[in-house]
Amino acid sequence: QVQLVQSGGGLVQAGGSLRLSCAASGRSFGSYAMGWFRQATGQERDFVAAITSSGGNTNYADFVQGRFTNSRDNAKNTIYLQMNRLKPEDSAVYYCVRGWDYRTSIGSRYDYWGQGTQVTVSS
């Protein structure tokens, strides 16, 4: 079974930046799309971003609006989410995911999920 281990969450003031990391087990990391979802307390789970297996193409939710960048280093079996100009409404638990198609924002289309990491943005 694949394991996705996340790190990099924390507390930041509005306008600041954070970088999330997600390290995956297994030799087939480079064969899969990877991405991120988030869920704020009391709210639904939202798609954030995804990236192709090679890293050549990306897909972002509308609310990112150029603030977040999804990238990957297949040699390290790791993906990253660089979050800039953070807003209080970005506060949520962020989940790393693995899937087949970077174009989908449907959670059930991603077959492995990380443990989640808290991001809190203060006003």
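Described in the following lines is the structure provided in the data block. For clarity, every value in this text was computed on a predicted model and none was experimentally measured.

Some points on the overall build of the protein
Item 1. Looking only at helices and strands, the protein features zero helices and 11 strands.
Item 2. Starting at the N terminus and ending at the C terminus, the protein contains elements arranged as β-β-β-β-β-β-β-β-β-β-β.
Item 3. The C-alpha radius of gyration computed for the protein amounts to 13 Å, which stays within 12% of the reference 14 Å derived for 123 residues, consistent with globular compactness.
Item 4. Dimensions of the protein, computed from the C-alpha atoms along their principal axes, are close to 40 × 25 × 25 Å.
Item 5. Considering the protein as a whole, with its 123 residues, one finds that 46% of them fall into the buried category.
Item 6. Partitioning the contacts of the protein with sequence separation of at least 6, the portion at a separation of at least 24 is 56%.
Item 7. Accessible surface, the protein: about 6,400 Å² in total, of which carbon and sulfur atoms supply 43%.
Item 8. On the protein, the mean spot of the 12 positive side-chain charges and the mean spot of the 8 negative ones are 7 Å from each other.

Regarding the nonpolar core
Item 1. Membership of the largest hydrophobic core comes to 32 residues, with the highest contact counts inside it found for Leu81, Met83 and Tyr94.
Item 2. The biggest single contributor to this core is strand E5 (residues 45-51), with five residues.
Item 3. When neighbours within four sequence positions are excluded, Met83 is seen to be in contact with Gly16, Ser17, Leu18, Leu20, Arg67, Phe68, Tyr94 and Val119.

Some details on the environment of Arg67
Item 1. With respect to the helices and strands, Arg67 occurs in the loop between strand E6 (58-60) and strand E7 (68-73).
Item 2. With a relative accessible area of 4%, Arg67 lands in the buried category.
Item 3. Between the alpha carbons of Arg67 and Ser122 there is a distance of 17 Å; along the sequence they are 55 residues apart.
Item 4. Apart from the residues lying within four places of it in its own chain, the contact partners of Arg67 are Gln82, Met83, Asn84, Arg85, Leu86, Lys87 and Asp90.
Item 5. Separated by 3.0 Å, the side chain of Arg67 and the backbone oxygen of Phe63 make a polar contact.

A word on unusual backbone geometry
Item 1. Of note in this structure, Asn77 is not a glycine but carries a positive phi near 50°.
Item 2. Position of Asn77 among the secondary structure elements: in the loop between E7 and strand E8 (78-83).
Item 3. At Arg85, a residue that is not glycine, the phi angle is positive and equals roughly 50°.
Item 4. Here Arg85 is to be found in the loop between E8 and strand E9 (92-99).

Reading the values: rules and limits
- Along each chain, numbering runs from 1 in the same order as the chain's sequence is written.
- In view of the model being predicted, local features appear only for residues whose pLDDT reaches at least 70, and side-chain atom pairs are presented and counted only at 80 or more, with totals across whole chains, interfaces and linings using the full set of residues.
- Side-chain numbers come from the whole structure's heavy atoms, not from hydrogens or water.
- Only DSSP runs of H or I with at least four residues qualify as helices, and only runs of E with at least two residues qualify as strands; both kinds are numbered from the N terminus onward.
- As a reference, a globule follows 2.2 Å times the number of residues to the power 0.38, and the radius of gyration itself is taken over C-alpha atoms.
- Think of it in three bands: residues with accessible area under 20% of the maximum for their type are buried, residues over 50% are exposed, and the middle band is partly exposed, with areas taken using a 1.4 Å probe on protein chains only.
- Contacts were defined at the residue level, with two residues in contact if any of their heavy atoms lie within 4.5 Å.
- Per-residue and other accessible areas follow the Shrake-Rupley method at a 1.4 Å probe size, with only the shown protein chains counted as cover for residues.
- Here Asp and Glu are counted as negative and Lys and Arg as positive; His is not counted, and neither are the chain ends.
- Positions of charges follow a simple convention, taking NZ of Lys, CZ of Arg, CG of Asp or CD of Glu.
- By convention a nonpolar core is built from buried Ala, Val, Leu, Ile, Met, Phe, Trp, Tyr and Cys residues, the set being connected through side-chain atoms within 4.5 Å.
- In protein, a polar contact requires one atom able to donate a hydrogen and another able to accept it; more generally it is a pair of N or O atoms within 3.5 Å, and residues adjacent in sequence count only if both atoms are side-chain atoms.

These figures capture arrangement, not role.
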